[in-house]
Each structure stands twice: as C-alpha cells, then as structure tokens.
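Descriptive structure summary
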Amino acid sequence: MSFDRSIKIAPSILAADFANFGAECAAVESQGADWIHVDVMDGHFVPNISFGATTCKAIRPHIKGVMDVHLMIAPIDPYIQDFANAGADFITAHVEAGPHIHRTLQAIRGAGCKAGVALNPGTPASAVEELLDIVDLVCVMTVNPGFGGQSFIDMTAKVRALRDMIGDRPVHIEIDGGVDPKTAPLVAAAGADVLVAGSAVFRGGSVNNPEPYGANIRAIREAI
Ligand code: DX5
Ligand code: ZN
C-alpha cells in the first residue's frame, strides 16, 4: 500500500445492513468506495455496542481493498492481536482510551498493521504531537463517538493545525462523523485525505439496489 494524499472515501458499515455486511462491503466497493471503515464499540469507552474482532474476521474476505478498523474500546491492548488476526489493515486507537497510547500504537505496528490515533472533539491537536513519528493516520472525530447519523462538529482549525504539525510525514488525516457533500469540502480544504461517511453513503440504497451508494459517493467527491 503506497502512501498518497488523494481523497479517499471510506464508508462506515455502521450505517449498513448488519445482517448483510459481506454483501454491503462488496456493494460499496463496486460503487467506488476506496476504503471500508469498521466501527468497533464496547459500551464502555462509548455508550453503544457494535461488534468485535470475530465479525471483522468474517467481513474481511468480502473486502478487496483497505479494511480500516476504528476501535472505540477500552482497554485496547488485550485485543490488538485479535484485530490483526482478523485482517485489519489499519487499527485506530483513541488517545483518550488509556494512559499508554504510545505503547498501544507500538503494539499495533508490532502486530503488522498500520497504526492510527483518533481524537475526540474535546481533545486538542497537541495530544498527538509526540506520536506523529509512530502513526500512519490521525483520525479527527467530528462527532462524539458512539453513534452514526449525528451532526458534524466543525474541527477545521484542528485539521489545519494537524496538517502543519505532520509536515512531510506519510501520515493520513481522516475525518469521522457527519461527513456529507456540505461538510466534506471544508475538511478536505483544511488538509484531510480520508473521509469516513456512514449515513451519507448508505442512504437510499441496498445490496439489491446499490446505485444510490455510487451516486452518494460521487456527490461527496464532486463537492470537494
Ligand atoms: C461514530 C463512528 C463513525 C460514524 C460515521 O462513532 O466512528 O464512523 O459511524 O457515521 P456518520 O457518517 O453517519 O456520521
Ligand atoms: Zn469510525
């Protein structure tokens, strides 16, 4: 996987049909998705439960491209190997999830995955300043994590600060939460290159009628 800063659309399967993840992943990929974003929630770090590593492993064979696993769990370290074994390409850990984020990120890379670090809306860019040499991705949350379909919280100043801080390092900036054709241009202009979108991609379509997924993805791309 070579690094580039072109815009990548990463549909979040949190907005897909939970009884049909495999087909949903194949459908959005065939409709132009670049990465598949997989939201893992534990009902402890965030006030909602989604699914775990077993589900990720079941989904993996249905994804041709990048599987981007966003862990909203605490603790993280006991589960890293499970998500690596499930075939995650990226594993993203929240900086707020524990006192030893540096160790967690080292363990993610040690398990053979790309390491991401996520920041909640209330966490400043400076929280990841000492981590930029050991990560492949910084995820800026533009909602408080836990649920899909929430409205976008403007974090463009934080994105700009991170873009400056990152400089020439091969580190992606990902935006997660409330991304749609209205909000995507703001964060793309500020320096983000990976745009997660759940509701804005999956609305109006289904595995039997996937064309709306393609139209929704194109609408985000064209708005940028
Ligand atoms: C929020 C999740 C997001 C979310 C995105 O906790 O991490 O990935 O599902 O969904 P939308 O695009 O609907 O805000
Ligand atoms: Zn997410």
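The structure displayed is predicted, hence computed values, not measured ones.

1. Quick notes on unusual backbone geometry
Residue P75 is bonded to the preceding A74 through a cis peptide linkage, with omega at 0°. Here P75 shows up in the loop between β3 (66-72) and α3 (80-85).

2. Observations concerning the coordination of the zinc ion (ligand 2)
Six octahedral donors around a metal ideally sit at 90 or 180 degrees from one another, while four tetrahedral donors ideally sit at 109.5 degrees. Distances from the zinc ion (ligand 2) to its protein donors, H37 (NE2), D39 (OD), H70 (ND1) and D176 (OD), fall at 2.0 to 2.3 Å. Around the zinc ion (ligand 2) sit six donor atoms; with metal-centred angles ranging over 68 to 171°, the donor geometry is octahedral. Sequence spacing of the donors to the zinc ion (ligand 2): H-x1-D-x30-H-x105-D. Judged by its relative accessible area of 0%, H37 falls in the buried class.

3. Re the packing of aromatic side chains
A full pass over the atoms with the stated rule returns five aromatic pairs. Both rings, one in F18 and one in F51, keep their centres 5.9 Å apart while their planes meet at 65°; by these two values the pair is edge-to-face. One end of the pair, F18, is in the loop between β1 (8-11) and α1 (21-30); the other, F51, is in the loop between β2 (35-41) and α2 (53-59), with 33 residues separating them in the sequence. Judged by centre distance (5.0 Å) and plane angle (70°), the rings of F202 and Y213 are edge-to-face. Here the residue F202 occupies a position in helix α7 (residues 199-202), and Y213 occupies one in helix α8 (residues 211-223), the gap between them amounting to eleven residues. An identical accessibility class is assigned to F202 and Y213; each is buried. Grouped by ring-pair contacts, the aromatic residues F18, F21 and F51 constitute a single cluster.

4. Regarding the nonpolar core
In this structure, I13, F83, L105, V117, V138, I175 and L195 are the most contacted members of the largest nonpolar core, which totals 71 residues. Ignoring any residue separated from it by four or fewer positions in sequence, one finds L195 in contact with I7, K8, I9, A10, I175, V179, A184, V187, I220 and I224. Among the nonpolar cores identified, the runner-up in size contains eleven residues, and A10, F90, V143 and V194 belong to it.

5. Observations concerning the pattern of salt bridges
Applying the stated rule across the entire model yields six salt bridges. Taking the shortest distance from any N to any O, the salt bridge between D4 and K8 comes out at 3.5 Å. For D4, a relative accessible area of 34% corresponds to the partly exposed category. When the shortest N-O distance is used, the salt bridge between D136 and R109 registers 3.0 Å. With a gap of 27 residues between them, D136 in the loop between β5 (114-119) and β6 (137-141) and R109 in helix α4 (residues 101-110) connect regions that are remote in the sequence. Salt bridges linked by common partners bring D4, K8 and D193 together as one network.

What counts, and where the lines are drawn
- Per chain, the residues get numbers from 1 upward, laid out in the order the sequence is written.
- Key to labels: chains lettered from A, ligands numbered from 1, both in the order written.
- The predicted origin of the model limits local features to residues at a pLDDT of at least 70 and limits the giving and counting of side-chain atom pairs to 80 or more, whereas totals for whole chains, interfaces and linings rest on all residues.
- Think of the side-chain values as coming from all heavy atoms in the structure, minus any hydrogens and water.
- We count a stretch as a helix when DSSP gives it H or I for four or more residues in a row; a strand needs E for two or more, and each element gets its number in order from the N terminus.
- Excluding water, the donors of a metal are its N, O and S neighbours within 2.8 Å, or within 3.2 Å for Na, K and Ca, and that exclusion means sites may look incomplete.
- Every geometry call rests on angle ranges, with four donors termed tetrahedral when all angles are between 85 and 135 degrees, four termed square planar and six termed octahedral when opposite donors are over 155 degrees apart and all others are between 65 and 115, and everything else termed irregular.
- For each residue, the accessible area found with a 1.4 Å probe, counting protein chains only, is set against the maximum for its type, and the residue is called buried under 20%, exposed over 50%, and partly exposed in between.
- Any Phe, Tyr or Trp ring, taking Trp's six-membered ring, that has another such ring centre within 6.5 Å forms a pair; planes under 30 degrees apart are called stacked, those over 60 apart edge-to-face, and the others tilted.
- Definition used in this section: a nonpolar core is a set of buried Ala, Val, Leu, Ile, Met, Phe, Trp, Tyr and Cys residues joined via side-chain atoms within 4.5 Å.
- Here a residue-residue contact requires only that any non-hydrogen atoms of the pair lie within 4.5 Å.
- The working definition used for a salt bridge is a side-chain nitrogen of Lys or Arg within 4 Å of a carboxyl oxygen of Asp or Glu.

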